[in-house]
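Fold and geometry: a report
The chain contents come next:
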Amino acid sequence: FESAHPHTIAGLFLLSTAGYVCLASGTKVLFPAGGLIALGFGWAWTGLMIHAVVQHHPHAPGMASGVIVAGLNLGSVLGPLLFGVLSDRMSTAFAFGAMGVWTLIAAGASFVGTVRLRHGGSHREVAAIAVPPP
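Residues numbered from 1 in each chain as written. Predicted model: local features only at pLDDT ≥ 70, side-chain atom pairs only at ≥ 80, totals over all residues. Heavy atoms only, no water.

**Details of the packing of helix α2 (residues 30-56) against helix α3 (residues 61-89)**
Where α2 contacts α3, the axes come no closer than 8 Å and their chain directions differ by 155 degrees. In this view, α2 runs roughly antiparallel relative to α3, as classed from their interaxial angle. The interaxial crossing formed by α2 with α3 has right-handed handedness. For the pair α2 and α3, contact is made by Trp43, Trp45, Thr46, Met49, Ile50, Val53 and Val54 and by Pro61, Ala64, Ser65, Ile68, Val69, Leu72 and Ser76, respectively. For the contact of α2 with α3, the residue count by class is eleven nonpolar, three polar and no charged. (Axes fitted to C-alpha atoms, helices over the stretch in contact; angles between N-to-C directions. Helix = DSSP H or I, 4+ residues; strand = E, 2+ residues; numbered from the N terminus. Parallel < 35°, antiparallel > 145°, perpendicular 65-115°, else oblique. Left-handed = near helix turned anticlockwise from the far one by under 90°. Contact = heavy atoms within 4.5 Å. Nonpolar A, V, L, I, M, F, W, Y, C, P; charged D, E, K, R; others polar.)

See below:
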């Protein structure tokens, strides 16, 4: 990646994790701030992710962005469902904590993926991931 977007995305995930920690605390002062932080930074990364992936795969922008959008849609369906189940079975604080853990995992995956793409293989190897052979 030529741009700093992937590292910015990992940073946004980390900031969103901090918001979920505030939400999980359950305190009256931190709860509203946590909501603003978790949602604000939690949604800020999506456009940057699509831009970074399309920038990295200019030969297949539709497929590259399609993979990201499919993941976003899947998360939009499963995330609230999982949150509801965890909140009902455990507690709301536990559900917010679990969302924070998943967001932290996403930050780590974003960072590791960026490093692997930058230093891992040749452009041809990376391109083969996005575009199957004819």
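Alright, that's what it looks like, and here's the rest.
**Remarks on the nonpolar core**
Listed in full, the ten residues of the largest apolar core are Ile9, Leu12, Phe13, Trp45, Met49, Val53, Ala64, Ile68, Leu72 and Ala107. Sorting the residues of this core by element identifies α1 (5-25), α2 and α3 as the ones contributing at least two each. Those residues in contact with Met49 that lie beyond four places of it in its chain are Ile9 and Ile68. Counting eight residues, the second-largest nonpolar core is a separate cluster that includes Tyr20, Ala95, Phe96 and Met99. (Core = buried A, V, L, I, M, F, W, Y, C linked by side-chain atoms within 4.5 Å. Buried < 20%, exposed > 50% of the residue type's maximum accessible area, 1.4 Å probe, protein only.)

**Digging into a nonpolar patch on the surface**
Residues Leu74, Val77, Leu78, Leu81 and Val85 make up a contiguous nonpolar surface patch of roughly 470 Å² in combined accessible area. Relative to the assigned elements, Leu81 resides in helix α3. (Patch = residues over 30% accessible without salt bridge, like charges linked within 9 Å, V, L, I, M, F, W, Y side chains within 5 Å. Areas by Shrake-Rupley, 256 points an atom, 1.4 Å probe, with all protein chains shown as cover. Salt bridge = Lys/Arg side-chain N within 4 Å of Asp/Glu carboxyl O.)

**Thoughts on α2**
Compared with an ideal rise of 1.5 Å per residue, which puts 27 residues at 39 Å, α2 spans 38 Å between its outermost C-alpha atoms and is within 8% of the ideal. Every buried residue belonging to α2 is among Gly34, Gly35, Ala38, Gly42, Trp45, Thr46, Met49, Ala52, Val53 and His56, and all of these are buried. (Expected span 1.5 Å × (residues − 1).)

**Things to note about the packing of aromatic side chains**
A complete count under the given rule lists three aromatic pairs for this structure. Between Phe13 and Trp45 the ring centres are 4.8 Å apart and the planes differ by 45 degrees, which places this aromatic pair in the tilted class. Of the two residues, Phe13 is situated in helix α1 and Trp45 in helix α2; the sequence distance between them amounts to 32 residues. Accessibility expressed as a relative area gives 8% for Phe13, which makes it buried. (Phe/Tyr/Trp six-rings, centres within 6.5 Å; stacked < 30°, edge-to-face > 60°.)

**Points about the environment of Gly79**
The topology assignment puts Gly79 in helix α3. We classify Gly79 as partly exposed; its relative accessible area is 25%. Each C-alpha atom of the pair Gly79 and Met99 lies 8.4 Å from the other, and the pair is 20 residues apart in sequence.

**Observations regarding the environment of Leu86**
Positionally, Leu86 belongs in helix α3. Sequence separation of Leu86 and Phe96 is ten residues, and the distance between their C-alpha atoms is 8.9 Å. Those residues in contact with Leu86 that sit more than four places away from it in its chain are Ser91, Phe94, Ala95, Ala98 and Met99.

**Topic: the side chain of Ser16**
Relative to the helices and strands, Ser16 resides in helix α1. Assessed through its relative accessible area of 2%, Ser16 is described here as buried. Those residues in contact with Ser16 that sit more than four places away from it in its chain are Ile37, Ala38, Phe41, Gly42 and Thr103.

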